[in-house]
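# Overview (structure and organization)
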Amino acid sequence: MNNIDEKLQPILAKVVQRNAGEPEFHQAVHEVMESLGRVIAKNPDYLEQALIERICEPERQIIFRIPWVDDQGKAQINRGFRVQFNSALGPYKGGLRFHPSVNIGIIKFLGFEQIFKNALTGLPIGGGKGGSDFDPKGKSDGEIMRFCQSLMTELFRHLGEQTDVPAGDIGVGRREIGYLFGQYKRLSNRYEAGVITGKAIAYGGSRARTEATGFGNTYFTKAMLETRKSSFDGKRVVVSGAGNVAIHSIEKVQSFGGKVIACSDSSGYVVDETGIDLPLLQEIKIIRQERISEYARLKGAGAHFVPIGKGSIWDLPCQVAMPSATQNELSGRDARKLVQNGVEAVGEGANMPCTPEAVRVLRKANILFGPGKAANAGGVATSALEMQQNASRDRWSFEQTEERLAQIMQNIHDHCAETADEFGAPGDYVLGANIAGFVRVAEAMRMLGVI
Ligand code: NDP
Ligand code: 2IT
């Protein structure tokens, strides 16, 4: 707790005690609190109004049983979660994650991050997150559909385009969003397109939503590089993951002239010194849904696969690192290696992928570091643009939507940088993002009274 203002220490201690056994949630709260000392020094009434305690306590938490029947006719049970964290700025907004590691602490960390991320977009969306410990790997299409329908049979009563608007996250993409929306529509007897985002274009989705998180992180990282008169052009880049965020980061980095030399999944990583072949990667991961080792096998010369446990992707020399898989995937040791190898910038595509020690190492070495709540906000920002198109029964072109996304990312970058300057820490995007996001939410909460 030594980096935390002494007035905030009892608040953090209480969060830890009231939410026992939820280390990821503690980590996310700790990281935000480290930045808030300077804010409460300027605005002591935030403490009097218990604003920080209130922000750390979800408005509502829903935990439910999800029964479903597998292809063998056997009944299965999973656990569903939705944490409706904060609605000061708009309806709860945030993705659903399907992964066996999901528990209430993980959903709370993600929901907590989402509050500030959504505030940074400048769009009217509150923060929430949900998901299930369901493992989509190896499930048939019919099993996925029945699972999504069962989840929605419980969750639909808590949703609404003015109440709570889910979207995708790990393990939840276009297909799952379709089944979830279909069941919501059936149960509610309403075509409420804005109740969920990440929909296919065929029934009210937004162009560029699929690409938005990876594109957005690339725009954000480019903006950071520009502050040091640098760019992606000719740079060696490492992107972890091989899902939605990673694939579209690779696409945008390549369009800016960067050379992505490695990516990964949970089985290991591939290195391709000739630069990742994006169509081949998409064929393997999206169409065939195979393991990343297939990439090295099919690519042949120049590419090789390193299985999990046999080395870290962050040992590869690169100038830009974009962790885009999952939380705590980049350790303090990894960060030291990146610094030794001359990394210039790290943009967090995933949520909280760098451990607290890694963040400390990167900040101390004065590496450009874009925290997830700012750098990966392009996904949820484009979700809000999807809600806007649904509400006005309109649809925009890809170019128009991407232009809005690019502008939003530049605004987030500038707002974080200006806030860091104002609070005496130029270039510190962690401090800038935490303070800028917090102040927007806290000001709205103050005006709404003690609710
Ligand atoms: P996907 O499910 O599309 O892809 C996830 C990728 O990360 C896969 O390659 C997966 O490998 C890998 N991965 C997941 N969990 C682990 C793990 N425990 N260890 C190692 N690798 C893992 O998810 P997204 O690309 O959508 O999400 C990636 C990250 O980005 C998450 O942190 C998510 O919260 C964040 N994010 C996503 C947004 C979005 O719009 N989708 C918006 C903002 C942030 P494998 O297939 O082997 O499991
Ligand atoms: O972490 C995230 O910001 C997301 N998974 C996207 C949330 C959304 O509502 O689009």
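These numbers come from a predicted model, not from an experiment. (Residues numbered from 1 in each chain as written. Chains lettered and ligands numbered in written order. Predicted model: local features only at pLDDT ≥ 70, side-chain atom pairs only at ≥ 80, totals over all residues. Heavy atoms only, no water.)

Tracing the backbone through its elements, the reader meets Lys 117 in helix 5 (residues 104-120). In this structure, Lys 117 is buried with no salt-bridge partner, the nearest side chain bearing the opposite charge being Asp 169 at 6.5 Å. Side-chain polar atoms of Lys 117 contact the side chain of Asn 376, separated by 2.8 Å. Non-local contacts of Lys 117, meaning those with residues more than four positions away in its chain, are made with Asn 351, Gly 372, Lys 373, Asn 376, Ala 377 and Val 380. (Helix = DSSP H or I, 4+ residues; strand = E, 2+ residues; numbered from the N terminus. Buried < 20%, exposed > 50% of the residue type's maximum accessible area, 1.4 Å probe, protein only. Lys, Arg positive; Asp, Glu negative; His and termini not counted. Salt bridge = Lys/Arg side-chain N within 4 Å of Asp/Glu carboxyl O. Polar contact = N/O pair within 3.5 Å; in protein donor to acceptor, adjacent residues only side chain to side chain. Contact = heavy atoms within 4.5 Å.)

This paragraph deals with the nonpolar core. Side chains that are nonpolar tend, in soluble globular proteins, to be buried together. Within the largest apolar cluster, 51 residues are counted, with the highest numbers of intra-cluster contacts made by Phe 220, Val 237, Ile 250, Ile 276, Leu 281, Tyr 295 and Ile 412. Tallying contributions element by element places helix 8 (residues 209-226) first for this core, with six residues. The residues contacting Tyr 295, other than those within four sequence positions of it, are Val 270, Asp 272, Gly 275, Ile 276, Asp 277, Leu 280, Leu 281, Ile 284 and Ala 303. In terms of nonpolar packing, the next biggest core, distinct from the first, is built from 42 residues, Leu 12, Val 39, Cys 56 and Ala 88 among them. (Core = buried A, V, L, I, M, F, W, Y, C linked by side-chain atoms within 4.5 Å.)

Note on backbone geometry: most residues besides glycine have negative phi, and most peptide bonds are trans. Phi at Gln 289 is positive, roughly 50°, even though this residue is not glycine. Here Gln 289 shows up in the loop between helix 10 (278-287) and helix 11 (293-299). By relative accessible area, Gln 289 is classed as exposed at 59%. Positive phi, normally seen in glycine, also occurs at Met 352, with a value near 55°. Considering the arrangement of structural elements, one finds Met 352 in the loop between strand 11 (345-347) and helix 13 (356-364).

Another aspect to go through is the site of ligand 1. Inspection of the region around ligand 1 gives 25 residues, with Lys 137, Asp 169, Thr 213, Ser 266 and Asn 351 positioned closest. Within the side chain of Thr 213, an N or O atom sits 2.8 Å from an oxygen atom of ligand 1. Arg 291 is positioned with one of its side-chain polar atoms (N or O) 3.0 Å from an oxygen atom of ligand 1. Here ligand 1 loses 82% of its free accessible area of 890 Å² to cover by the protein chains. Contributing elements (two or more residues each) for the shell around ligand 1: helix 8, helix 9 (244-255) and strand 7 (259-265). (Near = heavy atom within 4 Å. Areas by Shrake-Rupley, 256 points an atom, 1.4 Å probe, with all protein chains shown as cover.)

Quick look at helix 17 (residues 429-447) now. In this model helix 17 runs 27 Å from its N-terminal to its C-terminal C-alpha over 19 residues, within 8% of the 27 Å that 1.5 Å per residue would give. With 14 of 19 residues buried, helix 17 is to be regarded as a mostly interior element. Its side-chain oxygen 3.1 Å from the backbone nitrogen of Val 430, Asp 428 forms the N-cap of helix 17. Of the residues one or two after helix 17, Gly 449 is the one with positive phi, at around 80°. (Expected span 1.5 Å × (residues − 1).)

Attention now goes to the side chain of Ser 383. Examined against the element boundaries, Ser 383 turns out to sit in helix 15 (residues 378-391). Taking relative accessible area as the criterion, Ser 383 reaches 1% and is therefore assigned buried. Here Arg 209 takes part through its side chain, which lies 2.9 Å from a polar atom of the side chain of Ser 383. If sequence neighbours within four positions are ignored, Ser 383 has contacts with Lys 93, Ala 167, Thr 197 and Arg 209.

What follows covers the layout of surface pockets. Considered as a void within the structure, the second largest pocket measures approximately 480 Å³ in volume. Lining the second largest pocket are 27 residues, and of these Glu 31, Glu 34, Val 359, Arg 363 and Val 430 lie nearest its centre. Going through the elements one at a time, helix 2 (23-42), helix 13, helix 14 (372-375) and helix 17 are the ones with two or more residues in the lining of the second largest pocket. For the lining of the second largest pocket, a count of residues per class yields ten nonpolar, seven polar and ten charged. (1 Å grid on protein atoms, 1.4 Å probe; cavity = no way out; pocket = protein on both sides within 12 Å on 5 of 7 lines; lining within 4 Å. Points joined across faces, edges and corners; volume = space filled by probe spheres on them. Nonpolar A, V, L, I, M, F, W, Y, C, P; charged D, E, K, R; others polar.)

This brings us to the state of the cysteines. This model, assessed by the stated rule, comprises zero disulfides. With no disulfide of its own, Cys 263 has Cys 318 as its nearest cysteine by sulfur position, at a separation of 13 Å. Residue Cys 416 stays outside any disulfide, its sulfur separated by 16 Å from that of Cys 354, the closest cysteine. The exposure class assigned to Cys 416 is buried, which follows from its relative accessible area of 0%. (Disulfide = S-S within 2.5 Å.)

Reading across the sheet, the five strands line up as 1-2-4-3-5 and stay open at both edges, with mixed pairing between neighbours. At either margin of the open sheet sits one strand with a lone partner, and together these are strand 1 (60-69) and strand 5 (164-167). On average, adjacent strands in this sheet sit at an angle of 20° to one another, irrespective of strand direction. Inspection of the sheet shows strand 3 (residues 92-98) paired to strand 5 by four bridges, in the parallel sense. By the bridge assignment, Gly 94 is partnered in strand 5 with Pro 166. (Pairing = 2+ DSSP bridges. Axes fitted to C-alpha atoms, helices over the stretch in contact; angles between N-to-C directions.)

Attention now moves to the packing of helix 12 (residues 332-340) against helix 13. Relative to each other, helix 12 and helix 13 sit at 25°, their axes nearing to 7 Å. Judged by the inter-axis angle, helix 12 sits roughly parallel to helix 13. Read as a crossing pair, helix 12 and helix 13 show a hand that is right-handed. For the pair formed by helix 12 and helix 13, the contact residues are Gly 332, Ala 335, Arg 336 and Val 339 on the first element and Glu 357, Ala 358, Val 361 and Leu 362 on the second. (Parallel < 35°, antiparallel > 145°, perpendicular 65-115°, else oblique. Left-handed = near helix turned anticlockwise from the far one by under 90°.)

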